[in-house]
Every structure is written in C-alpha cells, then in structure tokens.
Amino acid sequence: MCGIIGIASNKSVSTNIINSLKKLEYRGYDSAGLATLNKNEINEKKCSGRVEQLEKILFKSPTEGNLGIGHVRWATHGIPNEVNAHPHSSEIVSVVHNGIIENSTELKNQLEKKGKKFKSQTDTEVITLLLTEELKTKNPLQAVQDTLAKLEGSFALGIIFKNFNNIIIGARRGSPLAVGYSNNENYLGSDSYALKSMTNKISYLDDGDICLLTKDKVEFYDLKKNKINKKVLILSEDKNIAQKGDYKNFMSKEIFEQPITTKNCINEYIDKERDEINFFNFPLDPKDINKIVLIGCGTAYHSCLVAKYWFENFTSLPVETDVASEFRYRNLRFNKKNLYIFVSQSGETADTSAALDLCKKNGAKTCSIVNVVESTIARNSDWTLPIHAGPEIGVASTKAFIGQMLLLYILALKISFLRNDLEKKDYQLKIKNLKKLPDLLTKCLKSEDKIQLVAKDFLEAKGSMFLGRGLSFPIALEGALKLKELSYLHAEGYPAGEMKHGPLALIENGLPVIIVCPNDKYFHKTVSNMQEVIARGGKILLITDSNDSVINENIRFTINLPKIDESLTPFLSTIPLQLLAYHVALLKKCDIDKPRNLAKSVTVE
Ligand code: AGP
C-alpha cells in the first residue's frame, strides 16, 4: 500500500531516492518524503501530495548524504498531510513504514505516560519513539530486534540512525521488502519494480527477517536473530519496461496492448504447432483433485467468478470462490485433495497472501496466478502460473484481468482434459478458438469511437447499472468496478435475473443501464430483463454479438462484438466496459492512472 526505498552509497542518494519514489507512486500517492544522513545529521524532507512536490522542495533546498530512505504513502492512520507523511524521525533515528501496527494505540498510550510527545497521528511514529528509547542502551540491530518484538500487525520498515552513518536496517512482517545489490551501493525497496532501474540482483526478505545493509555489504538475520543467507535472484529484463510511449497514460496503453499480452500468454502455454497446452508439474494429479477453490480480491476476484463457470462447464469438479478477506476468517474445512487457486496481479495483496498462508499451514495444495513472478504470493505457492502481461502500472487493472481470465481458462481446459471430462476433439477445438482471441480483441478495441459518444450519458446520471447472466454476470461486476474506481461515479453490477427482486426500483427515466448479453444460453432471458428495464425508462447500452432483430428498439447504443465460442465471450465483452470507464473518467478529468484513495497493491488488511 505504501512504497519504501533505501539507498546506501558512496555518492549522494537523494536523486536516486526521488527517481525510485516515482516508480513506487503506483503503490500510494497521498504524500511523500525522504531522510538522508549527512555529517551525522538526519535531514528529513516531506510533503502531502505527489513525489514531484517533494522534488520541488529538494530543488529549492537540496539534501546531501550518501545514505537515505524514502517513502510514498497511502494513508491508513492519519489524514494525508505533511505531518503524517513518512519518514518519521527523532533526533537519532528515522523510519519509513508500510503496513499497520495493530497495537499502536496501546503503545502510544504507554509512551505518552512516559512523557513522550507525538507530532503525528500515525502508527509509525510509535516505532520511531520506541527505537529512540532502545537506542540509548543498545546498538541499532539489537534496538530494532527488541522494538519489533513489541509490535503487533504488519510492517516493512526502512530505518537510518544518527551516529551510524553507514547502515540502513530493513525488517519485514507481512508487507513485502526486497534488497538490491550493486557496486559501492546497496538498496532496500518495497518491490523489484522500484529497484529494477538500479540493479537486477535482488533478494527478498521473508516474514521475520531483518537486513542490515551498507554500501559494501548486506547481512540478513532471522526471527531467532541468527545470521542467514538469502537467495540472490537475477531479475528478467522487462522488454516493455513500463513506459507510456505515445499513450496519454498507462491505462490506455495497457488497454490497447491486450491483444499483444494475450498473444504472449497464449504462446507461453499453448503449443504453436499442435493444439496442446503445455502445463507440467501440477501440485496435485488432476485426476485426484476433489474440488477447486478460487480466491482473490477486487478485479482478481471477478476473474475467479468467471472461472467458476468454466471449471463447472468443462470439468466434473465442484468449484468454490471467495474474496480473500472473507476466506481467511472462515471456519474452513481443508482437504488435501482440494486445489486452492490464488489470483493476484501484484502477488502482494495482504488478504490474498494471508489466505494462501492459511492454506499452506493446513497442508493444502496451492496454485497462484500472478503478474509478478518474484512476488510473495508466487514464492509461497506450490505452483505459480505467471500471466506474462508485463508491468501493469494503471491502478485500475485491465490487461491483468484479461491475463488472469486467460490463465484460468487454459487451466480449466487442461484439468478437464487430463481428467477425461473433456473429449480430445472438444479440447482441441477450444484451443483453436482460443488462438483467435488476440485478433478478436483488436476488433473489440475498435468500439472506442462509439463508446466515447455514450460516455457523456454517465456524467449527469445519478448512477448506473451493469447487468449480465452466467459468464456475463462477473463481467457486469467488473465493468461497474472499473467505472467506480476511475470516475468516482456510483455503479452497480448485478445478476440480470435478480433485478425484479428489488433493484428494479432504482430504474428511472434516463438511467444508464449496461446489458452484457452475448448470444449464449441466457440470451433470451437477458433480453427479457432488458425489456423490464426499458419499460421503466432505463437508457440501454447493449454489449452483444447477436444480430437478433428482437433487440433493436429503445436501445440507446449497441456495441457489436465479433462472434466467438460462447465460453470466450467474457474476454470480448470486457473491452468496451474498460473503454467506457476510461472515457467517462477522461470526461470528468479524473486521474486515470492514480485514482483517488486507491493504490495498486493493497498490502494491508
Ligand atoms: C483493480 O482494478 C482494482 N484496482 C483492485 O480491485 C485489484 O484488483 C485488487 O486490489 C487485487 O489486486 P491484486 O490483483 O494485485 O491482488
């Protein structure tokens, strides 16, 4: 949820800290700050708003020092202002934090009783004041170890110390943290994306680990305070390392590169010559699987809902889905023959990661579908299937959603075939159709002109409804989520068949209603639901691949999709909904890549 960077170097670090914070802004952008150690003094600079604000401050009053930490914030405790921005420093220590200290109120009360004064409303400042106490009698490592023992909740920390002007200490519990290695320089960062421009050699801390780094060395310690070694990973070169290129913003780039990312993913897993899926090392023999359980958050959860229909249609298996924040607290019955599938673009979502940990603790077999192969969720699952979509910077997930659905579709096909639930000819036909998907997505993107025209309808409306049945119901949910998170307008996704049980009362003259209605087995029933909405004045945007005459009167706009195997319609109907949310947000002059109140990776509960 927040972004952390630390650099120990033989040269001034503030410029590199700022550049890294710019890369981390997708994780949180309420406020920003840095602290360096120069001539044994802690120099702290911070501000509300974006990193470029901080850059202007530094331009006016540069901060020297060969050692420093930086932070971009997504507020959890305390409003987003300068005082609550990180770092939080005392005379002798400065701290940046990602996570939530759940016993901060209790600790704060104890410190205040000892006469300590707080400047901010944050939980992080508790860590600063605890450390300041401990450092009076202990060296930095011991002071950190003893402070962490008092904390409950999650943290990734970066800490610098007066009188120890060559060390940075990092610590991890529940929030991601990585170390990067270079010559005469070493780094601490929330994720590899922040470090990638400075090094391709990375180690990840695990929960309970502490690292102590200088410009020349890095040491790791485990929970028992033993010195340990960590694997050094060489990061893959991201060819299309996130640059906007000619696009106005990352989201438009990521929407329009979906045909390419889909093709790349298909090429990764589907044999070019034969119609065969190249999956190996299943954690469970597909024939032994009892049940499929799909877990994710937000858009990733919507991909799980779509996949439920595919697994149910292609296999003989029972399928469950759950949002991770609910799953992790249920009274669950684990079964070693269940396959638990975790979907996460970032691979760092706290709830999804906690749900995965719960499954592992109970001996369950886990598979993760991620976009960041070095992520926590990927590293902690038995089997990882990367979606190969390339870095997704826009906070609103687009190409990752298509990639998540694609991997789930391929997985459902493969498992069904290996279980003999699907005949070879049907299996191969579906693979043949799947190979056409990239070109069909390109065709769908051509609906942008029409979408731009209808986008205006949403600006004046009190809200909007997105309706669908079967495979189209989760797509209706995803379309509503996209519109909400990008344009801040109320929108609701609903099963079309459920409208008569209450929400029909919302329909009034001119209300925009989006009907996702491919020519599948639900088609005529969805058309009837649409007529119910039209009869009450709803303004219909119809997304369909049908030319059926029954659906031409009283429709505000029809977006015609190319025809395709009905199991693949979720991919095509998603495109106009992404474009709709994008253009409404554009008309409203919202921040497309960094919508208010959100962050790309929610690494706190
Ligand atoms: C996507 O548009 C949303 N911003 C959000 O719901 C996201 O899908 C969710 O936070 C899960 O993130 P993850 O895929 O990185 O786990």
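Residues numbered from 1 in each chain as written. Predicted model: local features only at pLDDT ≥ 70, side-chain atom pairs only at ≥ 80, totals over all residues. Heavy atoms only, no water.

A. Expanded view of the overall build of the protein. If you tally the helices and strands in the protein, you get 20 helices and 25 strands. What you see for the protein is a C-alpha radius of gyration of 25 Å, in line with the 25 Å of a compact globule of 605 residues. Counting only C-alpha atoms and orienting by the principal axes, one finds that the protein spans roughly 80 × 55 × 45 Å. A buried classification covers 62% of the 605 residues belonging to the protein. A sequence separation of at least 24 residues applies to 72% of the contacts in the protein between residues at least 6 apart. (Helix = DSSP H or I, 4+ residues; strand = E, 2+ residues; numbered from the N terminus. Rg over C-alpha atoms; globule rule 2.2 N^0.38 Å. Buried < 20%, exposed > 50% of the residue type's maximum accessible area, 1.4 Å probe, protein only. Contact = heavy atoms within 4.5 Å.)

B. Structural view of the site of the ligand. Taken together, 14 residues sit near the ligand, with Ser-344, Gln-345, Ser-346, Thr-349 and Glu-485 positioned nearest. In this structure, Thr-349 approaches the ligand through a side-chain N or O atom, which is 2.5 Å from an oxygen atom. A distance of 2.8 Å separates an oxygen atom of the ligand from a polar backbone atom of Ser-397. Counting only elements with at least two residues in the shell around the ligand, the list comes to helix 9 (298–314) and helix 18 (472–487). It is helix 9 that provides the largest number of residues to the shell around the ligand, a total of three residues. (Near = heavy atom within 4 Å. Polar contact = N/O pair within 3.5 Å; in protein donor to acceptor, adjacent residues only side chain to side chain.)

C. Here's a closer look at the environment of Asn-267. In this fold, Asn-267 is placed in helix 8 (residues 258–269). Judged by relative accessible area, which is 33%, Asn-267 ranks as partly exposed. Along the sequence, Asn-267 and Lys-435 sit 168 residues apart, while their C-alpha atoms lie 9.0 Å from each other.

D. Representation of the side chain of Gln-258. With respect to the element layout, Gln-258 can be found in helix 8. Gln-258 sits in the buried class, given a relative accessible area of 0%. Polar contacts involving the side chain of Gln-258 include one to the side chain of Gln-578, which spans 2.7 Å.

E. Representation of the pairing of strand 19 (residues 365–370). Within strand 19, five of the six residues are buried, which leaves the element mostly enclosed by the surrounding structure. Bridge analysis of strand 18 (residues 338–344) against strand 19 gives six bridges, and the strand direction is parallel. Its bridge partner lying in strand 19, Ile-341 is registered against Cys-367. With helix 11 (residues 350–361) bridging strand 18 and the parallel strand 19, this β-α-β connection has right-handed handedness. Relative to strand 20 (residues 383–386), strand 19 runs parallel, the two being bridged by four bridges. Across the sheet, the residue bridging to Ser-368 is Thr-384, located in strand 20. (Pairing = 2+ DSSP bridges. Right-handed = clockwise from strand over helix to strand, strands pointing away.)

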